[in-house]
Protein chains: 2
Amino acid sequence: MSERPHVVIVGGGFGGLQAAKELGKHDVRVTLIDRTNHHTFQPLLYQVATAGLNPADIAVPIRRILRRYETVTVLLGDVVRVDVPKKRIYMEDGEPISYDFLIVATGATHSYFGHDEFAEHAPGLKTVDEGLLIRQRIFMAYEEAERDPDNERKDALLTFVVVGGGPTGVEMAGALSEIARKTLAREFRRIDTSKARIILVEGGDRVLPSYVPMLSEKALASLKKIGVEVRTGARVTKVDEEGVMIGDERIRSKTVIWAAGVAASPLARSLGAPLDKVGRVMVEKDLSVPGHHEVFVIGDLAHFEQDGHMVPGVAQGALQGAKCVAKNILRLIEGDATAPFVYKDLGSMATIGRAAAVAEVGSAKMYGFVAWMAWVVLHIVTLIGFKNRVLVFIQWIWAYFTHERGSRLIHGMVHAAAAEPPVLPSQRGKDLARSTARATANV
Amino acid sequence: MSERPHVVIVGGGFGGLQAAKELGKHDVRVTLIDRTNHHTFQPLLYQVATAGLNPADIAVPIRRILRRYETVTVLLGDVVRVDVPKKRIYMEDGEPISYDFLIVATGATHSYFGHDEFAEHAPGLKTVDEGLLIRQRIFMAYEEAERDPDNERKDALLTFVVVGGGPTGVEMAGALSEIARKTLAREFRRIDTSKARIILVEGGDRVLPSYVPMLSEKALASLKKIGVEVRTGARVTKVDEEGVMIGDERIRSKTVIWAAGVAASPLARSLGAPLDKVGRVMVEKDLSVPGHHEVFVIGDLAHFEQDGHMVPGVAQGALQGAKCVAKNILRLIEGDATAPFVYKDLGSMATIGRAAAVAEVGSAKMYGFVAWMAWVVLHIVTLIGFKNRVLVFIQWIWAYFTHERGSRLIHGMVHAAAAEPPVLPSQRGKDLARSTARATANV
């Protein structure tokens, strides 16, 4: 090739970012496109939703992270379609961008199992905006309860339902319990926040279904110890303004949080590749799209099987996949064959409330305070940005001793109207609005 | 009185909060009502708008601050009217609240001099939401410029106009210059952010008109040194989607920030008291409303003259007024006469960019680095919350050495629709929406 090859990366999450970093060290042109300006450390999003951390503590501008790679260009845009035969990607507006190689890393989000109408009353937790929306609803519920003289409405306001007993649901439920019993203690005069009900609803037979059963039991015990009501074998059949239905049973709640189901990014559909039942791309052994060796899929959007198991949608899956694909692209440029992806399971961790967690690392299984310490250390170390690590560390130390939550502001009702784009064709508002709509409504 | 007297305080800013703290130490019932859940440290709002700090760094939940005062109840609500003869306040929804004494501390905001239509294109900076909106526009402008091939539109995107040369405008302009020349250096590939134009427009003949002329000159010199174009004697006659008009001169800009004019809280109108030309209440010597000794007005909403000068709308005015009024209410309860308010001017400070400031404290006038150190120390010390002081201190030290800005996330387009209140009568969304509309549109 007379000109440097051009690699386009769609998505600035764990996978896309790592791929850009790897390729940025070599003589290729890279364009990374994300529909927000920041990389979000998703494992700590529940902390934003429960006012433990600021959005900026766990999200960093992508172009700052990639600043030193002069061959990497970062663009803010919403990629809506890939023209695989023509090797072009199309964004919501502006000109299409041609590529020699494409890495699709747009991830997956939660799923309402065909009931997208649930989204309005039960937001999920995949983006900073969703985290802030949930935070707003949680703390507004207490504010309303303080003013509402009607006992039935008060009870509904003081009932919080989390749907989905995986790590996100467990962590949310634990934090909600902390808020009710510790953080807000003594701050209200007409309500007793410690009487709030936190209900975790899981369709399967145990919480943390992807962990070994022993750790599921430990997590369950920890949750019950801090007053969370856990309902297993319970499927939510309806979500509306009154709360949820589990079959015929009605639970009245004004704050429902959705942490269940998987739905792959819709961009996968334009790749013309076989998809699994939630929309993930059935990739080849080298993570490329069948029939198109120049198109790769990594992270949560890729369905890759190893030893009969699918590589889970966790950070390590994306990070390792990114490194493999970056190397494969460089090999292809040199005219060499690609190498297959080999995933190394480094383990999982989830916290329950303030000082408990469960963790499996290799064959080691930890729970309780020890696991929690390991969780804290790991998450601080892997957070991007030294300053962020210091700030998060301080906030967590503080919160540990005072139970205070640093970021309880209720705000964020920036009207779409107030930020309406100017008459000139401009991205401002439009893309973000559509992105947010997509993020919050899981369209 | 057989029952404890009831004092209602409207507004959780500097004045209302201080009054609640003072009265909370005595045997009176206090209800403080604010339309948000947090107290905002307004002097540092420009830091939120320019991504230097998180909202939570400078805003604290009111009920946390007042937690220890068991006789103080905090309610989130929008007070729309005062029935002075009946001694009742009415909120946007819910029951009216009766009082024995009322303290109105709802403050003032910016004014568009009769052109409220400017608000859509030139937000002001009085609330956290406005700070986030401005921040979003600033950083989106750079993102759009990176993608826009049209040179004229690019120039407009890289032109930032601040209207109003008081402390807020000067601080915003300085920070905008920092962002362009330092923070974003090396992060873009198609634009040179250091070429962005920052234009500060002031109608009067000098910036910082309320300071002594020598300090205005120092501020002007500092601004020019960091590349800010300062236009004095220039009135903005129009603001639209293309930018601003100064008479016949058109300045094309996609990001206009309004830091000019004063408009008092509209709540003042229902007090039946004489108002000045921007709507502030002409209070008696003891800060009470003429003809109603049980109603007091403090802070930016009060027009109080001393030695021929009006007490300025600064934090000290509100704090000192609050202490005076709290004492006066206690005196009235005891059947004693009230005491007049005596204001002590403790000085003013304003920063210009990263390491310069001007300050007058008593007869001492400082400028440059020394003034900036004093500014930093004072603002950290007076920030509420020890943890916040530590966090702000760390972020500022970091920013000083790295020019990095910690909170550059573009987010916050939480659609009103996504947060629509449930069918049951509920505050959620409604009050916040109206408050935000009020805050951003200066209705």
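Residues numbered from 1 in each chain as written. Chains lettered and ligands numbered in written order. Predicted model: local features only at pLDDT ≥ 70, side-chain atom pairs only at ≥ 80, totals over all residues. Heavy atoms only, no water.

Regarding the sheet that holds strand S16 (residues 249-252) of chain B
Residue and element names in this part refer to chain B. A sheet is described by the order of its strands in space; here three strands give the open sequence S14-S15-S16, paired in antiparallel fashion. Both edges of this open sheet fall to strand S14 (238-240) and S16, since each of them pairs with a single strand only. Taking the axes of each pair of neighbouring strands and ignoring which way they run, one obtains an average angle of 15° across the sheet. In the sheet, strand S15 (residues 243-246) pairs with S16 via four bridges, with the strands oriented antiparallel. When the sheet's bridge partners are listed, Ile246 is paired in S16 with Glu249. (Pairing = 2+ DSSP bridges. Helix = DSSP H or I, 4+ residues; strand = E, 2+ residues; numbered from the N terminus. Axes fitted to C-alpha atoms, helices over the stretch in contact; angles between N-to-C directions.)

Overview of the packing of helix H10 (residues 368-382) of chain A against helix H11 (residues 386-402) of chain A
All names here are of chain A. Interhelical geometry of H10 versus H11 gives an angle of 155° and a closest axis separation of 9 Å. Put simply, H10 runs roughly antiparallel to H11. Here Phe369, Trp372, Trp375, Val376, His379, Ile380 and Val381 of H10 come into contact with H11, specifically with Arg389, Val392, Phe393, Trp396 and Tyr400. (Parallel < 35°, antiparallel > 145°, perpendicular 65-115°, else oblique. Contact = heavy atoms within 4.5 Å.)

Section: the pattern of salt bridges
On inspection of all chains with the given rule, the structure shows 30 salt bridges over all chains. Notably, a salt bridge pairs Glu3(B) with Arg29(B), separated by 3.3 Å at the nearest N-O pair. In this pair, Glu3(B) is assigned in the segment before strand S1 (6-10) and Arg29(B) in strand S2 (residues 29-34), connecting sequence segments 26 residues apart. Linked through salt bridges whose partners overlap, the residues forming this network are Glu152(A), Glu242(A) and Arg252(A). (Salt bridge = Lys/Arg side-chain N within 4 Å of Asp/Glu carboxyl O.)

Overview of the sheet that holds strand S7 (residues 88-91) of chain B
The three strands are arranged S6-S7-S8 (chain B) in an open sheet whose pairing can be described as antiparallel. Either end of the sheet is taken by a strand with one partner, and the two such strands are strand S6 (79-83) and strand S8 (97-98) of chain B.

Let's talk about the packing of helix H1 (residues 14-24) of chain B against helix H9 (residues 315-334) of chain B
The angle between the axes and the distance between the axes are what describe a pair of packed helices. All names here are of chain B. As a packed pair, H1 and H9 sit with axes 8 Å apart at the nearest point and diverge in direction by 35°. With respect to the hand of their crossing, H1 and H9 are arranged in right-handed fashion. Contacts from Phe14, Gly15, Gln18, Ala19, Glu22 and Leu23 of H1 reach H9 at Ala315, Ala318, Leu319, Ala322, Lys323, Ala326, Ile329 and Leu330. The class makeup of the residues in the contact of H1 with H9 is ten nonpolar, two polar and two charged. (Left-handed = near helix turned anticlockwise from the far one by under 90°. Nonpolar A, V, L, I, M, F, W, Y, C, P; charged D, E, K, R; others polar.)

Here we look at the domain arrangement of chain A
All names here are of chain A. Along its sequence, chain A is carved into domain 1 (6-110 + 263-333) and domain 2 (116-260 + 407-437). A C-alpha centroid distance of 29 Å is found between domain 1 and domain 2. Taken together, the contacts link 25 residues of domain 1 with 27 residues of domain 2. Summing the contributions of domain 1 and of domain 2, the shared interface buries around 2100 Å²; its carbon and sulfur component is 58%. Three residues, Tyr46, Ala49 and His110, lead the burial of domain 1 against domain 2; their summed loss comes to 27% of the area buried on that side. Remark: the boundary between domain 1 and domain 2 carries one salt bridge. Close ionic contact of Lys126 with Asp300 constitutes a salt bridge, the shortest N to O distance being 3.7 Å. Inspection of the region where domain 1 meets domain 2 yields two residue pairs in polar contact (both at pLDDT 80 or more). Going through the elements one at a time, strand S3 (38-40), helix H2 (45-49) and strand S10 (108-109) are the ones with two or more residues in the side of domain 1 that touches domain 2. Tallying contributions element by element places H2 first for the side of domain 1 that touches domain 2, with four residues. Broken down by class, the residue content of the side of domain 1 that touches domain 2 amounts to eleven nonpolar, nine polar and five charged. (Domains from an automatic or database assignment. Buried area = accessible area lost by both parts, 1.4 Å probe. Polar contact = N/O pair within 3.5 Å; in protein donor to acceptor, adjacent residues only side chain to side chain.)

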